[in-house]
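Results of the structural survey
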Amino acid sequence: MARYVTFYSYKGGVGRTLALANVAWLLANHRFEPARVLVVDFDLAAPGLAQVFGMKHPKSWVGIVDYVSEYLDNARIPPISRFIHETSHRGIDILPAGRMDKAYQRNLERLDWRSIYSSAYGYELIEKMKADIDSIQPEYDYVLVDSLTGYSDVGGICVKQIPDAVILLFRLNSQNLEGIRSVYRALQSDTSEKKKPIIP
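Here the residue numbering is sequential within each chain, running from 1 through the sequence in written order. The model is predicted, so local features are restricted to residues of pLDDT at least 70 and side-chain atom pairs to those at 80 or more, both for listing and for counting; the totals for chains, interfaces and linings are taken over all residues. Only hydrogens and water are removed before side-chain values are computed, so all heavy atoms of the structure are retained for them.

1. Some words on the sheet that holds strand 1 (residues 3-9)
Worth spelling out the cut-off: When DSSP finds two or more bridges between a pair of strands, those strands are recorded as paired. In this text, helices come from DSSP runs of H or I with a minimum length of four residues, and strands from runs of E with a minimum of two, each type numbered from the N-terminal end. A contact between two residues is defined here by any heavy atoms of the two lying within 4.5 Å. For helices, the axis comes from a line fit to the C-alpha atoms of the stretch in contact; other axes are also lines fit to C-alpha atoms, and the angle between any two N-to-C directions lies between 0 and 180 degrees.
Taken together, seven strands build an open sheet; the order of strands is 3-4-2-5-1-6-7 and the sheet is mixed. Pairing within the sheet leaves two strands with one partner each, and these edge strands are strand 3 (85-86) and strand 7 (198-199). For strand 3 and strand 4 (residues 92-95), the ladder comprises two bridges, and the chain directions are antiparallel. Paired with Glu86 across the strands is Asp93, a residue of strand 4. On the sheet, helix 8 (residues 174-188) packs against strand 1, strand 6 (165-169) and strand 7 and is oriented at approximately 165° with respect to strand 6.

In structure tokens:
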């Protein structure tokens, strides 16, 4: 079963996406134990992982927004394997934010995560997504999640439900430190049995 790690920053411009990409490459290219890695672009408002990994023709790559939209349209969870794509880097696959065409913004605006969780089994959808990822063969060793910045429903999903560990990235200024401190304290106050490692 894969280990899920979220890369989170309160503000953009701190190198979060590039840090994730570098860690993915190092894991996949380890000299003695190369890992199989899935990178997930959950920064739905400003996706960038596909570009970092040199994906061509982003308009043709379906991803998370398309996955959730299809679920909402059909009341049936589609197979996650349809939304995962190979990158040009050996051992690294990607689940992108979504097909970057004219419909992307419209589909993104439809995703009211609070409503999805309260009335459309959102928690179960994310758990099923993880279970389906874990069932893919050959299995992934790591799933690295690039999270949306700031306080948001998506950010909560990325730092609370999805990961086994959270990496916090920030700059040394008051806005970054205040924001990241709040997230750190919220994660520290988690009383569940499975407390996540938090790595600043």
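2. A short note on the environment of Gln161
Convention followed: Burial classes: relative accessible area under 20% of the type maximum marks a residue as buried, over 50% as exposed, and values in between as partly exposed (1.4 Å probe, protein chains only). N or O atoms within 3.5 Å of each other form a polar contact, as long as, within protein, one can give a hydrogen and the other can take it, and as long as residues adjacent in sequence are counted only when both atoms are side-chain atoms.
Assignment of secondary structure puts Gln161 in helix 7 (residues 153-161). For Gln161, a relative accessible area of 12% corresponds to the buried category. As a C-alpha pair, Gln161 and Ala19 span 142 residues in sequence and 22 Å in three-dimensional space. Engagement of the side chain of Gln161 in a polar contact is seen with the backbone oxygen of Tyr123, the distance being 2.9 Å. A distance of 3.0 Å separates a polar atom in the side chain of Gln161 from a polar atom in the side chain of Glu127.

3. Focus on the nonpolar core
Generally speaking, nonpolar side chains in soluble globular proteins are found buried as a group. Inclusion rule: In plain words, nonpolar cores are sets of buried Ala, Val, Leu, Ile, Met, Phe, Trp, Tyr and Cys residues tied together by side-chain atoms within 4.5 Å.
Among the nonpolar cores identified, the biggest contains 36 residues, and Phe42, Leu44, Ile80, Leu95, Trp113 and Ile133 are the most heavily contacted of them. Sorting the residues of this core by element identifies strand 2 (37-42), helix 3 (64-74), helix 4 (104-110), helix 5 (113-119), helix 6 (122-135), strand 5 (142-147) and helix 7 as the ones contributing at least two each. The element best represented in this core is helix 3, accounting for five residues. Not counting residues up to four positions away in its chain, the partners in contact with Trp113 are Phe42, Leu44, Val68, Ile126, Asp153, Val154 and Ile157. Membership of the second largest hydrophobic core comes to 19 residues, among which are Val37, Ala50, Leu144 and Leu169.

4. As for the pattern of salt bridges
Put simply, the test is: For this document, the term salt bridge refers to a Lys or Arg side-chain nitrogen within 4 Å of an Asp or Glu carboxyl oxygen.
Scanning the entire structure with this criterion turns up eight salt bridges. A salt bridge links Arg82 to Glu70; the nearest nitrogen and oxygen atoms lie 2.8 Å apart. Of the two residues, Arg82 is situated in the loop between helix 3 and strand 3 and Glu70 in helix 3; the sequence distance between them amounts to 12 residues. For the salt bridge of Glu178 with Arg181, the shortest nitrogen-to-oxygen distance reads 2.6 Å. With Glu178 and Arg181 both in helix 8, this residue pair falls three residues apart, about one helical turn. With relative accessibility at 47%, the residue Glu178 sits in the partly exposed group. Within the structure, one salt-bridge network assembled from shared partners comprises Arg16, Asp43 and Asp146.

5. Some remarks on helix 3
Those residues of helix 3 lying buried are Ile64, Val65, Asp66, Tyr67, Val68, Ser69 and Tyr71. Contacts made by the buried residues of helix 3 are with strand 2, strand 4, helix 4, helix 5 and helix 6. Immediately beyond the C-terminal end of helix 3, within one or two residues, lies Ala75, with a positive phi of roughly 55°.

6. Comments concerning the pairing of strand 6
Burial within strand 6 is extensive, with four of its five residues counted as buried. Here strand 1 runs beside strand 6; their pairing, made up of five bridges, is parallel. Of the residues in strand 6, the one forming a bridge with Tyr8 is Leu168. Alignment of strand 6 against strand 7, held across two bridges, turns out to be parallel. Note on strand 7: the bridge partner recorded for Ile167 is Ile199.

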